[in-house]
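Fold and geometry: a report
Now for the letters of each chain:
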Amino acid sequence: MLPWLEYTGQAPTELVAQAEANRVDSIVEAFATALFEKETRLGRDFFSKVELYIYAINWLEREVNNGGFTQFFSNSSHVFTPVIVQALLTAGLPKTAMITQSAIDALELPDNYDFAEIVSAALADDEDRQFLLNELDIRFLEYEEDLSGVLFEYIQAHINQIQF
């Protein structure tokens, strides 16, 4: 098995060049780390659409792996709810996008929802909703699509739109 790559300030092209020598999931994680640092320095308003999509997908995977869709919707990652399905579709992850859209639909949000309504719906004492979200967690965690692999291909295809 290939080694894990740690992010130590490499440029996007330097990270992509490590694909043959390091695990692809570690390279994708390195991009997420670099984007976190960029967000800390400048704010998310300075992200390109490509950067935002990479970051949103990474947060989705982290949160669902750690605590399910409920965690994604109730933590600060809920800010990605309006863009996450489009991010997944654009990156080439239609099955994951369908599962994620079903999770969003389970929240039964109004058309013009605000972020507080996302959190409130995710944490509501609604047994049917929690059951459905748990079922969607299981489907997500079956990884019908190679999230890291597909996201890495998306990164490669859009490398000129990524700056740390």
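Residues numbered from 1 in each chain as written. Predicted model: local features only at pLDDT ≥ 70, side-chain atom pairs only at ≥ 80, totals over all residues. Heavy atoms only, no water.

**Regarding the packing of aromatic side chains**
Two measures describe an aromatic ring pair: the distance that separates the ring centres and the angle between the ring planes. Our working rule: The aromatic pairing rule takes the rings of Phe, Tyr and Trp, using the six-membered ring of Trp, and pairs them if the centres are within 6.5 Å, calling planes under 30 degrees apart stacked, those over 60 edge-to-face and the rest tilted. Secondary structure elements follow DSSP: runs of H or I no shorter than four residues count as helices, runs of E no shorter than two count as strands, and numbering proceeds from the N terminus. Only protein chains enter the accessibility calculation, which uses a 1.4 Å probe; a residue is then buried when its area is under 20% of its type maximum, exposed when over 50%, and partly exposed in between.
All chains considered together, the criterion is met by nine aromatic pairs. With a centroid separation of 6.0 Å and an interplanar angle of 80 degrees, the aromatic rings of Y7 and F164 are classed as edge-to-face. Placement of Y7 in the segment before helix 1 (12-16) and of F164 in the segment after helix 8 (147-157) is noted, with a sequence separation of 157 residues between them. Of the residues examined, Y7 reaches a relative accessible area of 17% and is grouped as buried. With relative accessibility at 23%, the residue F164 sits in the partly exposed group.

**Some remarks on the packing of helix 3 (residues 49-74) against helix 6 (residues 115-123)**
Convention followed: Axis geometry follows a simple rule: fit a line to the C-alpha atoms, using only the stretch in contact for helices, then measure angles between N-to-C directions, giving values from 0 to 180 degrees. For classification purposes, angles smaller than 35 degrees are called roughly parallel, those larger than 145 roughly antiparallel, those between 65 and 115 roughly perpendicular, and all remaining angles oblique. Helix crossings are classified by the rotation of the near helix relative to the far one: an anticlockwise turn of less than a right angle makes the crossing left-handed, while a clockwise turn makes it right-handed. Contacts between residues were defined by any pair of non-hydrogen atoms, one from each residue, lying within 4.5 Å. In the scheme used here, Gly and all other residues not listed as nonpolar or charged are polar, with Ala, Val, Leu, Ile, Met, Phe, Trp, Tyr, Cys and Pro taken as nonpolar and Asp, Glu, Lys and Arg as charged.
As a packed pair, helix 3 and helix 6 sit with axes 8 Å apart at the nearest point and diverge in direction by 150 degrees. Relative to helix 6, helix 3 is oriented roughly antiparallel. The way helix 3 lies across helix 6 gives a crossing that is left-handed. Across the interface between the two elements, T70, F73 and S74 from helix 3 touch I118, V119, A122 and L123 from helix 6. Partitioned by chemical class, the residues of the contact of helix 3 with helix 6 number five nonpolar, two polar and no charged.

**Details of helix 8**
Turn by turn, an α-helix covers 3.6 residues, leaving residues three or four places apart pointing in a common direction. The element helix 8 is extensively covered by neighbouring structure, given that eight of its eleven residues are classed as buried. Taken residue by residue, helix 8 has L147, S148, G149, V150, L151, F152, Y154 and I155 as its buried positions. For helix 8, the secondary structure elements touched by its buried residues are helix 1, helix 2 (24-42), helix 3, helix 4 (81-91), helix 5 (94-106) and helix 7 (127-141).

Purely geometric stuff here, so don't read any function into it on its own.
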